[in-house]
Amino acid sequence: MSAVILGVGNILLSDEGVGVRVVEQIAARYRLDEDVTVIDGGTCGMDLMDELAERDLVIVVDAVRTGEPPGTLVTLAGEAVPALFRERISPHQLGVSDLLAALTLLGRSPRQLALVGVVPESMATGLALSERVAACLEPLVETTLAVLREHGWQAWPQPADSAPADGTAAGPVTAAG
Amino acid sequence: MAKRITVDPVTRIEGHLRIDCEVENGKVSKAWSSGQMWRGIEQILQGRDPRDAWIFTQRICGVCTTVHAIASVRAVENALDLEIPLNAQYIRNLIVAAHGIHDHIVHFYQLSALDWVDITSALKADPKKAAALAQSLSDWPLNGYQVMKSTQEKLKAFVDSGQLGIFANGYWGHPAMKLSPEVNLLAAVHYLQALEVQRTANKIVAVLGSKTPHIQNLAVGGVANPINFDSQATLTLERLMMIKEAIDELGSFIYNGLLVDVAAVGSFYADWTEHGAGIMDYLSVPDMPLDTAGTAFGMPGGFIRQGDLSTLQPITRFGDPYFLEGVAESNKHAWYEGSEPLHPFDGRTDPEYTDFQDEGKYSWIKAPTFHGRPAQVGPLAQVLCGLASGDEKTQAATDYFQDKVQAVLGERLPLSALHSTIGRHGARAIRCAVLYENLKEQWQRLMDNIATGDHETCNAPSFPKGEIRGMGFHEAPRGALSHWVVIEDGKIRNYQCVVPSTWNAAPRNAEDAPGPYETSLLDTPVADPELPLEILRTVHSFDPCISCAIHLHDTEEQNVVSVKAV
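Residues numbered from 1 in each chain as written. Chains lettered and ligands numbered in written order. Predicted model: local features only at pLDDT ≥ 70, side-chain atom pairs only at ≥ 80, totals over all residues.

Participant: Explain the overall build of chain B to me, and be specific about the residues and the numbers.
Facilitator: Summing up its helical and strand segments, chain B has 16 helices and 17 strands in all. For chain B, the C-alpha radius of gyration of 23 Å lies close to 24 Å, the compact-globule estimate for 566 residues. If you line up chain B on its principal axes, its C-alpha atoms span 65 × 60 × 50 Å. Relative to its 566 residues, chain B shows a buried fraction of 57%. For chain B, the share of sequence-separated contacts (at least 6 apart) that also reach a separation of at least 24 residues comes to 75%. (Helix = DSSP H or I, 4+ residues; strand = E, 2+ residues; numbered from the N terminus. Rg over C-alpha atoms; globule rule 2.2 N^0.38 Å. Buried ≥ 20, exposed ≤ 12 C-beta atoms within 10 Å, placed from the backbone. Contact = placed C-beta atoms within 7 Å.)

Following this line, the structure appears as structure tokens:
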């Protein structure tokens, strides 16, 4: 049994990086079961293949444009996750979408998939989240951990002083590889 | 009557690129290349600590992470005149080579093979014939009948499930698709094997970089990998042996898979050696520094004019004035203020958006020139420079590749065939082999140096008062990359990245001369303007990376190709 919480997005483009900000928070403030890996995936694609192959659960945290108002929380599970990726025609072809398809082709897909997302407000150049999406950070952390717990894993809060002082830190959130 | 084709976005690349072509009498008569996203890294870095710049620059793009990290630390070290320990050079070089191999393998199979290979045709192949063909070209053990057959079944199940995913947007059944079902199947088999092999290359980066996908081990002044064979937390002998094993695995695939496949596909499409040359002024920078200051290199770099190898003007060291003084960028046709070419140290990135204006501004990409001329960068430039410099590794890999082409085609193609759309794929495969040979060599150098008792990995930087300037270059998978930094009182005042796709995807420059993509598309035949596969073939052959890497999941529909009369 093993699970991955994968935050993706570009932290240089404000709300686009919200997925990374969520996993930074989780890694800094929670102790997780040993078989749960928290990954700051940035905007990478194929590089993540090893990390996702044959996991029991992968939770992707990302900005999602659904046509709903900015700040709307989105959760998807199971087949709806790859379906979302398949439907889009996007200039950003080298992301999670291709990664999931490649894993399917190799017969090494994660057994369960979930997506926790938020509709972004700003994609302007800058490290800070928009006010509206920043306000969603905590609910996104809670929702992500709730999905994790639903699948049988545990997460325990760590003492508050271990949280990062600067929310814009681009530093490491996990050791992998 | 001319037709205007707009391909927006170009798919199977990183970032948002738009290509416009006018087609007359079945051939491209005019072309525009337009980067559709603004990358504001320069603004983000102003006022920051130069020691942290690489952490941010490796977030520019999801494909080129380590690439921008390496160029950034080199730029700051150049500003400080800071040499780095030998171990640090070697460890960085190992990361550079492994990353490049990963990138080239993914580019050929996952990103561009589908322009030439028809997956649906592979389903009709006779696996016995495909195995016989494969075994006539190489003794790769994974070319047998059973592998062909099981892959074909796997593909069929995948296609039948309707989840085309990575195979979506392929031009199946297009008249320009020419491979036999058996060759298509062979390529598809290696497509899947490449997915596994690229992980091996990535593993090397992960072990040395302490983390993946964003490496953590760099520092201005060296690397943060303590070397101690007695401690498990450091770079141990065990880890180094693991890397050696991974290196050997890569070599086997590069020589038996990649070079053979590119030679076979290229031979069947030999007519594509006639198209797509474009700008034949080639720029590359040296890489794989072999000493602490960066004055000797494992891979040469330089400038070649008009495809004539005898014109090579070498670039020989970090901070080489020939390179340093040769680069300028114009905004005349880019959505930024100003139009006169500026040196990157004085570069400005102030947006001035207009609509797409054919004769005016039409791209977020600036137009760089080298000593006043547009230049093509990338593996082709690098291989030509290697040959012109008498680099033995490049010559050996080129000979090997030409032998394989001859085995399929029955004749030996001249070197000039490389100046073309399909030639760029050949050059990339050759360069991948050169990187592998350097990877092996760098591993040995690291082992030998550690054996002398040298465990140094970092020289701490110190920043003076006042202004200093530095330039760091790196021959990245897509070509010459340079970062330019101006530091004042220990803080970044200006930062400019001149990335490989800036050179190749450049719009017209200050003198209205078109860039390499634009020039290479001229005279390309287009059989069906609604399905402009030929245009994609040439653009993909450059391995575009528009380096903005927004990652938003977007469910809104877009038209990829539009055609109108002009």
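Participant: A description of the overall build of chain A should follow, citing residues and the corresponding values.
Facilitator: Of the regular secondary structure elements, chain A holds 6 helices and 7 strands. When the elements of chain A are put in sequence order from the N terminus, they spell out β-α-β-β-α-β-β-α-α-β-α-α-β. Excluding contacts between residues fewer than 6 apart, the proportion of contacts in chain A whose partners are at least 24 apart in sequence is 82%.

Participant: Report on the packing of helix α4 (residues 86–112) of chain B against helix α8 (residues 181–209) of chain B, specifying residues and quantitative values.
Facilitator: All names here are of chain B. The interhelical angle for the contact between α4 and α8, taken along N-to-C directions, is 160°, at an axis separation of 9 Å. The angle between the axes of α4 and α8 places the two elements in the roughly antiparallel class. Taken as a pair, α4 and α8 cross one another with a handedness that is left-handed. Between α4 and α8, the contacting residues are Ile-91, Leu-94, Ile-95, Ala-98, His-99, Ile-101, His-102, Ile-105, Val-106 and Tyr-109 on the first element and His-190, Tyr-191, Ala-194, Val-197, Gln-198, Ala-201, Asn-202, Ile-204, Val-205, Leu-208 and Gly-209 on the second. Taken together, the residues that form the contact of α4 with α8 break down as 15 nonpolar, 6 polar and no charged. (Axes fitted to C-alpha atoms, helices over the stretch in contact; angles between N-to-C directions. Parallel < 35°, antiparallel > 145°, perpendicular 65-115°, else oblique. Left-handed = near helix turned anticlockwise from the far one by under 90°. Nonpolar A, V, L, I, M, F, W, Y, C, P; charged D, E, K, R; others polar.)

Participant: Tell me what's going on with the sheet that holds strand β17 (residues 561–565) of chain B, and back it up with residues and numbers.
Facilitator: Residues and elements named next belong to chain B. What the 4 strands build is an open sheet, ordered β3-β2-β1-β17; its pairing is antiparallel. Single-partner strands in this sheet number two, and they are β3 (27–35) and β17. Along the sheet, successive strands turn relative to each other by an average axial angle of 15°, direction set aside. Taken together, the 5 bridges between strand β1 (residues 3–7) and β17 define a ladder with antiparallel strand orientation. (Pairing = 2+ DSSP bridges.)

Participant: Would you mind going over the pairing of strand β1 (residues 3–8) of chain A in detail, with residue names and values included?
Facilitator: All names here are of chain A. Among the 6 residues in β1, 6 count as buried, and that is most of the element. Side chains Ala-3, Ile-5 and Gly-7 project from β1 onto one buried face, and the interleaved Val-4, Leu-6 and Val-8 project onto a second face that is buried too. One ladder, built from 5 bridges, connects β1 with strand β4 (residues 57–65); its direction is parallel. Counted as the bridge partner of Gly-7 is Val-61 from β4.

Participant: Can you break down the sheet that holds strand β13 (residues 467–476) of chain B residue by residue, with the values?
Facilitator: Backbone-to-backbone hydrogen bonds join strands into a sheet, with any given pair of strands oriented parallel or antiparallel. All names here are of chain B. Sheet architecture is open: 3 strands sit in the order β13-β14-β15, paired in antiparallel fashion. Each end of this open sheet is capped by a strand with a single partner; those strands are β13 and β15 (491–498). Strand-to-strand twist in this sheet, taken as the mean axis angle between neighbours without regard to direction, amounts to 15°. The pairing of strand β14 (residues 479–488) with β15 spans 7 bridges and is antiparallel. Within β15, the residue paired with Val-486 across the bridge is Asn-494. This element, helix α3 (residues 65–80), spans β13 and β14 of the sheet and lies at about 145° to β13.

Participant: Would you mind going over unusual backbone geometry in detail, with residue names and values included?
Facilitator: The phi angle of most residues is negative, glycine excepted, and most peptide bonds adopt the trans form. All names here are of chain B. The phi angle at Asn-25 is positive, at roughly 50°, despite the residue not being glycine. Secondary-structure assignment places Asn-25 in the loop between β2 (17–24) and β3. Given 8 C-beta atoms within a 10 Å radius, Asn-25 is considered exposed. Of note, the phi angle at Gln-306 is positive, near 50°, even though the residue is not glycine. Tracing the backbone through its elements, the reader meets Gln-306 in the loop between β9 (301–304) and β10 (313–315). For Gln-306, a count of 10 C-beta atoms within 10 Å gives the class exposed.

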